[in-house]
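# Secondary and tertiary structure notes
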Amino acid sequence: GAVVSQHPSRVICKSGTSVKIECRSLDFQATTMFWYRQFPKQSLMLMATSNEGSKATYEQGVEKDKFLINHASLTLSTLTVTSAHPEDSSFYICSARDPFSQRGGRGNTGELFFGEGSRLTVL
Amino acid sequence: GNSVTQMEGPVTLSEEAFLTINCTYTATGYPSLFWYVQYPGEGLQLLLKATKADDKGSNKGFEATYRKETTSFHLEKGSVQVSDSAVYFCALRYTGFQKLVFGTGTRLLVSP
């Protein structure tokens, strides 16, 4: 089946540095990708929706200048955490929509496939 | 607003035990409901779904019924296996919208 891959799976960085996380759809072209963040014992929170070739749409409360999202191709979206601080430490998960999949549910817009997640630790 | 509430884990069971993971939701209208599973070291995978009231989603021995009257979508399996150990996420999505709203996830641990 379709696969979405994230890299790196774990990253540790110093406070003030920037970190880039990649999300790739390996065997389908994803016109839309989503970035989620998960804190311990909390649900996945959608951060932004990324559409290929256009600006990302951020959810309320997410700083777009801090979490830069680029979706330059149909198989790659990147999330860059700029000037990271310890409170940015979290588990970041991407998902990509396969527009030709028929398993997405009513009002289908294609099935969502998720990456393995990337754990960011900011020291 | 829209939200999904799941029972806190971990849920610890012996092999062949009966499993229920509760999920309730708060939403206006008629969302589609999903269960996702995340095995260790892997991404979330769609386990099953239901798109309207009284629909039953099923896959790999797991079942969940969309109960509008109780706004619930509880996950059940008659006989769990060690390989079912994973984190299970309940989620909802509205027709025509791409956004999924997730619960907090429930970790299931099955021992031999």
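An account of the accompanying structure is given in this report. (Residues numbered from 1 in each chain as written. Chains lettered and ligands numbered in written order. Predicted model: local features only at pLDDT ≥ 70, side-chain atom pairs only at ≥ 80, totals over all residues. Heavy atoms only, no water.)

Secondary structure assignment for chain A yields 0 helices and 11 strands. Going from the N terminus to the C terminus, chain A shows its helices and strands as β-β-β-β-β-β-β-β-β-β-β. Over its C-alpha trace chain A gives a radius of gyration of 14 Å, about what one expects of a compact globule, namely 14 Å for 123 residues. If one aligns the C-alpha atoms of chain A with their principal axes, the spans along those axes are about 45 × 30 × 25 Å. Across chain A, every contact between residues at least 6 apart in sequence was considered, and the portion connecting residues at least 24 apart equals 56%. Carbon together with sulfur atoms contributes 52% to the accessible area of chain A, which is approximately 6,100 Å² in total. (Helix = DSSP H or I, 4+ residues; strand = E, 2+ residues; numbered from the N terminus. Rg over C-alpha atoms; globule rule 2.2 N^0.38 Å. Contact = heavy atoms within 4.5 Å. Areas by Shrake-Rupley, 256 points an atom, 1.4 Å probe, with all protein chains shown as cover.)

Here the focus is the packing of aromatic side chains. Under the definition given, this model contains 11 aromatic pairs over all chains. Ring geometry for Tyr36(A) and Phe114(A): centres 6.0 Å apart, planes at 40 degrees, overall tilted. With Tyr36(A) in strand S4 (residues 32-38) and Phe114(A) in strand S10 (residues 111-114), the pair connects residues that are 78 residues apart, well separated along the chain. Both residues of the pair, Tyr36(A) and Phe114(A), count as buried. Between Phe114(A) and Tyr36(B), the aromatic rings sit 5.3 Å apart at their centres with planes inclined by 75 degrees, giving edge-to-face as the arrangement. Here Phe114(A), found in strand S10, pairs with Tyr36(B), found in strand S5 (residues 32-38), and the two come from separate chains. The exposure class assigned to Tyr36(B) is buried, which follows from its relative accessible area of 3%. The structure contains a cluster of three or more aromatic residues connected by ring pairs, namely Tyr36(A), Phe114(A), Phe34(B), Tyr36(B), Phe89(B) and Phe102(B). (Phe/Tyr/Trp six-rings, centres within 6.5 Å; stacked < 30°, edge-to-face > 60°. Buried < 20%, exposed > 50% of the residue type's maximum accessible area, 1.4 Å probe, protein only.)

Time to look at the sheet that holds strand S9 (residues 75-77) of chain B. Residues and elements named next belong to chain B. Read from one edge to the other, the open sheet built from 4 strands follows the order S3-S9-S8-S7, with strand pairing classed as antiparallel. Either end of the sheet is taken by a strand with one partner, and the two such strands are strand S3 (19-21) and strand S7 (56-59). Recorded for the sheet is a direction-independent mean angle of 20 degrees between the axes of neighbouring strands. Note that S7 and strand S8 (residues 62-65) share 4 bridges and pair antiparallel. Across the sheet, the residue bridging to lysine 56 is threonine 65, located in S8. (Pairing = 2+ DSSP bridges. Axes fitted to C-alpha atoms, helices over the stretch in contact; angles between N-to-C directions.)

Below, the discussion takes up the interface of chain B and chain A. In this complex, chain B contributes 24 residues to the contact, which on the side of chain A involves 26 residues. For the pair chain B and chain A, the summed buried area comes to about 2,000 Å², and 50% of that belongs to carbon and sulfur atoms. Linking chain B to chain A there are 0 salt bridges. Linking chain B to chain A there are 0 residue pairs in polar contact (both at pLDDT 80 or more). Sorting the residues of the side of chain B that touches chain A by element identifies S5, strand S6 (45-50), strand S10 (86-93) and strand S11 (100-102) of chain B as the ones contributing at least two each. (Buried area = accessible area lost by both parts, 1.4 Å probe. Salt bridge = Lys/Arg side-chain N within 4 Å of Asp/Glu carboxyl O. Polar contact = N/O pair within 3.5 Å; in protein donor to acceptor, adjacent residues only side chain to side chain.)

Turning our eyes to something else, we now look at the state of the cysteines. In the structure shown here, the tally under the stated rule is 2 disulfides over all chains. Residue pairing for Cys23(A): its cysteine sulfur links by disulfide to Cys94(A), the two sulfurs lying 2.0 Å apart. A torsion of 75 degrees about the S-S bond marks the disulfide between Cys23(A) and Cys94(A) as right-handed. You can see Cys23(A) sitting in strand S3 (residues 19-25) and its partner Cys94(A) sitting in strand S9 (residues 90-98), a full 71 residues away along the chain. Looking at Cys94(A), the relative accessible area reads 0%, which means it is buried. Linked covalently through their sulfurs, Cys23(B) and Cys90(B) form a disulfide whose S-S length is 2.0 Å. Judged by the sign of its S-S torsion, about -70 degrees, the bond between Cys23(B) and Cys90(B) is left-handed. Taken together, the positions of Cys23(B) in strand S4 (residues 23-26) and Cys90(B) in strand S10 put the pair 67 residues apart, joining distant regions of the chain. This cysteine, Cys13(A), is not joined by any disulfide, and Cys94(A) carries the nearest cysteine sulfur, 18 Å off. (Disulfide = S-S within 2.5 Å.)

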